[in-house]
Amino acid sequence: MTHTDRKVRIWGRPLLYTSYAQDMALFDTRAKKLWCGGLVLFALALSQVLVDHTLELLATALVAAIGAIGLNLVTGYAGQVSLGHAFFLAIGAYTAAALSGDPAGRTLGFGVTNLLIWLPAAGLVAALAGVLVAPLATRLRGLYLAIVTLGLVFLGEHVFKEWDDLTGGPGVGRPAAAPELFGWRLDRPGPLGSREQQLYLLVLVVLVVFAVGARNLARSRIGRGFAAIRDRDIAAEVMGVPLTRYKVLAFGVSSFYAGCAGALLYTVSGGYFEAGSFSLLLSVQYIAMVLIGGVATVSGSIAGALFITLLSPVTRELPALLPFISGDSTQTPNVFQVETVLYGLLIIVFLVFEPRGLFGLWLRVRTYWKSWPFSY
Amino acid sequence: MSVLSVRDVGLSFAGVTAIDGVSFDVGPAELLAVIGPNGAGKTSIFNVLSGVYRPQRGSVRFLGQPILGLRPHRIAAMGLARTFQNVELFHNLTVLDNLMLGRHCHFRYGTPAALLWLGRARREELAARAKVEDIIDFLELAAWRRHPVRLLPYGIQKRVELGRALAMEPRLLLLDEPVAGMNLEETEDMARFVLDIRDELGIPLVLVDHDMGLVMDLADRVLVLDFGRQVALGTPAQVQRDPKVIEAYLGET
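These numbers were taken from a predicted model, which means no experiment stands behind them. Here the residue index of a chain counts from 1 through its sequence in written order. Written order determines the labels here, with chains lettered from A and ligands numbered from 1. Given that this is a predicted model, residues contribute local features only at a pLDDT of at least 70 and side-chain atom pairs are listed and counted only at 80 or more, while totals for whole chains, interfaces and linings are drawn from all residues.

**Q** Please provide a residue-by-residue account of the overall build of chain B, values included.
**A** Helix and strand assignments come from DSSP, with helices taken as H or I runs of at least 4 residues and strands as E runs of at least 2, each series counted from the N terminus. The secondary structure content of chain B amounts to 10 helices and 10 strands. Each radius of gyration reported is based on C-alpha atoms, and the globular scaling rule is 2.2 Å times the count of residues to the power 0.38. The C-alpha atoms of chain B give a radius of gyration of 19 Å, which matches the 18 Å a tight globule of 253 residues would have. Across its three principal directions, the C-alpha atoms of chain B cover 65 × 40 × 35 Å. Neighbour density around each residue's C-beta defines its exposure: 20 or more other C-beta atoms within 10 Å make it buried, 12 or fewer make it exposed, and counts between make it partly exposed, where C-beta atoms are placed from the backbone. A buried classification covers 43% of the 253 residues belonging to chain B. Here the contact rule is simple: place C-beta atoms from the backbone, and any two residues whose C-beta atoms are within 7 Å are in contact. Across chain B, every contact between residues at least 6 apart in sequence was considered, and the portion connecting residues at least 24 apart equals 65%.

**Q** So, the overall build of chain A: which residues are in play, and what are the values?
**A** Counting its secondary structure elements, chain A contains 16 helices and four strands. Scaling as 2.2 N^0.38, a compact globule of 376 residues should have a C-alpha radius of gyration of about 21 Å, and chain A matches this with 22 Å. Taking the principal axes of its C-alpha atoms as reference, chain A extends roughly 70 × 50 × 50 Å. Here chain A holds 376 residues, and the buried ones make up 45% of them. For chain A, long-range pairs separated by at least 24 residues make up 70% of all intrachain contacts whose partners lie at least 6 apart in sequence.

**Q** Break down the confidence of the model for chain B for me, with residues and values.
**A** What pLDDT conveys is the predictor's confidence in a given residue, as a value from 0 to 100. On average, residues of chain B score 92 in pLDDT, and 99% of them reach the 70 mark or higher. The complex prediction reports pTM at 0.92, with the ipTM value standing at 0.91.

**Q** Explain helix α2 (residues 30-49) of chain A to me, using residue names and the numbers behind them.
**A** The span expected for a helix works out to 1.5 Å for each residue beyond the first. Relative to the 28 Å expected for 20 residues at 1.5 Å per residue, α2(A) spans 28 Å between its end C-alpha atoms, a close match to the ideal helical length. Within α2(A), only one of the 20 residues are buried, leaving the element largely exposed.

**Q** Mind laying out the interface of chain A and chain B, listing which residues take part and the relevant values?
**A** Taken together, the contact between chain A and chain B spans 26 residues of the former and 34 residues of the latter. Listed by contribution, the elements that provide at least two residues to the side of chain A that touches chain B are α1 (20-23), α8 (195-219), α9 (221-231) and α10 (233-238) of chain A. With seven residues, α9(A) is the single largest residue contributor to the side of chain A that touches chain B. In the scheme used here, Gly and all other residues not listed as nonpolar or charged are polar, with Ala, Val, Leu, Ile, Met, Phe, Trp, Tyr, Cys and Pro taken as nonpolar and Asp, Glu, Lys and Arg as charged. Here the side of chain A that touches chain B is built from residues that sort into 15 nonpolar, six polar and five charged.

**Q** Which residues make up the environment of Phe62(B), and what are the values?
**A** Residues and elements named next belong to chain B. Looking at the secondary structure, you find Phe62 in strand β4 (residues 57-62). Since 22 C-beta atoms lie within 10 Å of it, Phe62 is described here as buried. Residues Phe62 and Leu172, 110 residues apart in the sequence, show an inter-C-alpha distance of 8.9 Å. Residue contacts for Phe62: discarding those within four places in its chain leaves Leu4, Ile67, Met78, Leu80 and Leu172.

**Q** How would you explain the domain arrangement of chain B if you had to name every residue and give the values?
**A** Residue and element names in this part refer to chain B. Assigned domains of chain B: these are domain 1 (1-79 + 170-253) and domain 2 (92-167). Here the bounds of each domain stem from an automatic or database domain assignment. A separation of 27 Å is found between the C-alpha centroids of domain 1 and domain 2. Of all the elements in the fold, those that place two or more residues in the side of domain 1 that touches domain 2 are α2 (72-78) and α7 (184-199). Each residue belonging to the side of domain 1 that touches domain 2 can be placed in one class, and the counts come to seven nonpolar, one polar and one charged.

**Q** Explain the packing of α2(A) against α8(A) residue by residue, including any values.
**A** All names here are of chain A. Angular values range over 0 to 180 degrees, each being the angle between N-to-C directions of two axes fitted as lines to C-alpha atoms, with helices fitted over their stretch in contact. Closest axis-to-axis distance for the α2/α8 pair is 9 Å, and the angle between their directions is 165°. Relative to α8, the element α2 is oriented roughly antiparallel. In this structure, α2 meets α8 at a crossing whose hand is right-handed. Across the interface between the two elements, Val40, Ala43 and Ser47 of α2 pack against Gln197, Tyr200, Leu201, Leu204 and Val208 of α8. Looking at the contact of α2 with α8, its residues break down into six nonpolar, two polar and no charged. Between 65 and 115 degrees an angle is taken as roughly perpendicular, under 35 as roughly parallel, over 145 as roughly antiparallel, and anywhere else as oblique. When the near helix sits turned anticlockwise from the far one by under a right angle, the crossing is termed left-handed; a clockwise turn instead gives a right-handed crossing.

**Q** Which residues make up the sheet that holds β4(B), and what values do they have?
**A** Residue and element names in this part refer to chain B. Paired strands, in this sense, are two strands between which DSSP finds at least two bridges. One open sheet holds the four strands; their spatial order is β2-β1-β4-β5, and the pairing between them is antiparallel. Looking at the sheet topology across the chains shown, the edges are occupied by β2 (16-26) and β5 (65-66). As defined by bridge partners, strand β1 (residues 4-13) adjoins β2 across eight bridges and the pair is classed as antiparallel. Across the sheet, Val6 pairs through a bridge with Phe24, a residue of β2.

**Q** Any chance you could break down unusual backbone geometry for me, citing the residues and the numbers?
**A** Residue and element names in this part refer to chain A. Pro333 follows Thr332 through a cis peptide bond whose omega is -5°. Mapped onto the elements of the fold, Pro333 is located in the loop between α14 (318-321) and α15 (335-353). Geometrically, the link from Trp372 to Pro373 is a cis peptide bond, its omega value of 0° lying close to zero. Among the structural elements, Pro373 can be located in the segment after α16 (357-371).

**Q** Pulling in residues and values, what's your account of the sheet that holds strand β6 (residues 80-82) of chain B?
**A** Residue and element names in this part refer to chain B. If you trace the six strands from one edge of the open sheet to the other, you get β6-β7-β8-β3-β9-β10, paired in mixed fashion. Two strands lie at the open edges of the sheet, namely β6 and β10 (229-234), each paired on one side alone. Averaged over all adjacent pairs, the angle separating strand axes in this sheet is 15°, with direction ignored. Where strand β3 (residues 31-35) meets strand β9 (residues 221-226), four bridges bridge the pair, whose relative direction is parallel. Looking at the pairing, Leu32 lines up with Arg221 of β9.

Listed below in structure tokens is the structure:
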């Protein structure tokens, strides 16, 4: 048996592989390469086409995608259901905000505005929290783990509401992290355009890096170990996957993604945030992104994050169309209630009709056109 | 020197004795079969060997090292592979990924390399793929390479599980009922693979099965258990004539 390492491309046979390197490549087909390249170019072009308000919304969705990929790593790939994602987002957000905050300001600040410092730091602090929580996952599984991680959200919410020095207190809040790169403030108009344009481009680059990292991790020994633990944990251990270490790793990496997402989230949207944002609803939103986008897929996480984030401006338009829905949160029914109900409904509809989520819909479309016009 | 030596192992669960003083050795390139009625403790012995259960007494040495008390993944890393009575594959992974997971212990690269997929990670994955393809050829699994295992027929799943164990490049292979629920053709295929593993790859095996025809044809030696006790140990011909074995299987005469 001989294995060739020679890469040979035969004209007219784009799917003929002559080496394992070609077969195992991240972009193993020309279609994937073109689609992904095209989408990135399209996303770049959007920064020049769209108005600032829409760009801000899109940037928020891209940051949410980073967080959703993180949740998908621990819940989708490794099968450890976590409702505590909002807690890790909060840790990232406050670490970044405190590091880059004004030392003379009303809230805690250290004046390190360099993005290259506070972004990894936010991820690392959140990852540390994840690693500390992870040992619970080695003792509990399924629903029990979900309940314990749910407890984290309430614990976090309480601490952040009480810790006024850090968070500015409930209802008041504090400024989000200030993004500065080599002395160049990205949240002020600069060479790349307006505040929104610059921040959008920044998060687009960060998302691409994080998404490629997650894809690589998923196809490595580590991703396979995660999937093995999800599908059959005893068999995984007998095949040589150390359960405890891999669960800790899954929570660590997932929380790192969440921390970075949390750090950027309020920098791109509004620049100001409040302790009440990190509630159970936020966790549920991320669960919805993962379920609606596609469990254990990176592209699905991004699609789900875009879908859920862009859902709320659409529902905000409802009062104009359906007069019985109020735009005022003191009246019933109002758009915020409708939105919450929609999340739940969407999760149910997807779980029943397409458990593979938006990614599954895409697969259906792809298989249809692959064999078109012959049905088999 | 024997590959595996089990001495006076006893395992009980709160009053129920599963294994009671079992001792045996497995030599290099030997095929030892373990038989016995349901509940005799055959699978319990496998679970002790692979570290899932911890016996109360006795000792187990694998390649000269004591392994009792080690975590299952440590024992796996030493080169002890097994299959399960009820197929325990990773159902959402493809045949290829299941086999690649079998090589988990042979990878050396860490998380940072995995995130970047550069240098070491890429090299090791490609080398592992080549090794896995050899096993796919050996077990004639090429047609199912890309299929998620949950979609495969039962007989093929059993074969994939054997492949996953082989991918570990084991020094000893434990097969728990490899032909349970298979038809005659699938059984004969599996028997041929088992013999090839012993004779071509030179891997010693311990085999649990209820198919007496298969066991008596393949095994070099047979260990007979009943209610956790060791009834007989010898060549198939010796065991078949042993009055205690006949009593355990057929009842008192």
